Amino acid sequence: MGKILQIRVSAWTYDEDEVLRAWPRLCAAVWPEVDKWAPVGGKHGVMELAASLPDVVRFGSWSDDLKSRTSDAVRNVETYKEQLEQALADWKPEEANRLSDRLEEALTALERLMPEGGGA
């Protein structure tokens, strides 16, 4: 790294519409204000979905039943997101790539637990 030029290893979502297509019920439950095919303002990528999840579960309108049914899956998403961010910070792109797959798998597992329409 130079004195002025900074080098980073990062993860970002190229096509945010893919997030909405892959996890529609989860996106509706986390971002109820977002039209299902047209995110408005802010980023709506994989990392943003994973980052928003803990606060939505804690402070949002999810029912106690939904929180209970999804608690392990939510914890998995949080864990993989944190591990991915750490791998990126440690400049470990191979590990980050492996963890990105795990994070997406955890989001898919959580999607399967979400009620139709993303309703909490």
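Computed from a predicted model, the values in this text were never measured in an experiment.

Structural notes on the nonpolar core
So, point 1. Leu26, Leu49, Leu53 and Trp62 are the most contacted members of the largest nonpolar core, which totals 30 residues.
So, point 2. Elements with a contribution of two residues or more to this core: α1 (16–22), α2 (24–30), α3 (46–59), α4 (64–89) and α5 (93–113).

Concerning the packing of α3 against α4
So, point 1. Packing of α3 against α4 brings their axes to within 10 Å, and their N-to-C directions diverge by 140 degrees. By the criterion of interaxial angle, the relationship of α3 to α4 is oblique. As for how α3 packs across α4, the hand of that crossing is left-handed. Counting all contacts with α3, which are made through Met47, Ala50, Ala51, Leu53, Pro54, Val57 and Arg58, the residues of α4 involved are Lys67, Val74, Val77, Glu78, Lys81, Leu84 and Glu85.

Examining α5
Residue pairs spaced three or four apart in an α-helix point in one direction, given the helix's 3.6 residues per turn.
So, point 1. The end-to-end C-alpha separation of α5 is 30 Å, in line with the 30 Å expected for 21 residues at 1.5 Å each.
So, point 2. Within the sequence span of α5, burial applies to Ala96, Leu99, Leu103, Ala106, Leu107, Leu110 and Glu111. The arc that holds every buried residue of α5, seen down its axis, measures 140 degrees, which confines them to one face. Pointing more than 90 degrees away from the buried face of α5 are the exposed residues Glu94, Glu105 and Arg112.
So, point 3. In this structure, the buried residues of α5 make contact with α1, α2, α3 and α4.

The rules behind the values
- Along each chain, numbering runs from 1 in the same order as the chain's sequence is written.
- Selection of residues for local features in this predicted model requires a pLDDT of at least 70, selection of side-chain atom pairs for listing and counting requires 80 or more, and totals for whole chains, interfaces and linings are taken over all residues.
- To obtain the side-chain values, all non-hydrogen atoms of the structure were included, while hydrogens and water were left out.
- Put simply, buried Ala, Val, Leu, Ile, Met, Phe, Trp, Tyr and Cys residues joined by side-chain atoms within 4.5 Å make one nonpolar core.
- Categorising residues by exposure relies on relative accessible area from a 1.4 Å probe, with only protein chains included: less than 20% of the type maximum marks a residue as buried, more than 50% marks it as exposed, and the intermediate range marks it as partly exposed.
- Counting from the N terminus, the helices are DSSP H or I runs at least four residues long and the strands are E runs at least two residues long.
- Working convention: axes come from line fits to C-alpha atoms, limited for helices to the stretch in contact. Angles between N-to-C directions cover 0 to 180 degrees.
- Our angle categories are set so that under 35 degrees counts as roughly parallel, over 145 as roughly antiparallel, 65 to 115 as roughly perpendicular, and the remainder as oblique.
- In this scheme the crossing of two helices becomes right-handed for a clockwise turn of the near helix relative to the far one and left-handed for an anticlockwise turn of less than a right angle.
- Only heavy atoms enter the contact rule, under which two residues are in contact if any of them lie within 4.5 Å.
- Multiply 1.5 Å by the residue count of a helix minus one, and that product is the helix's expected span.
- By construction, the arc corresponds to the directions joining the helix axis to the C-beta atoms.

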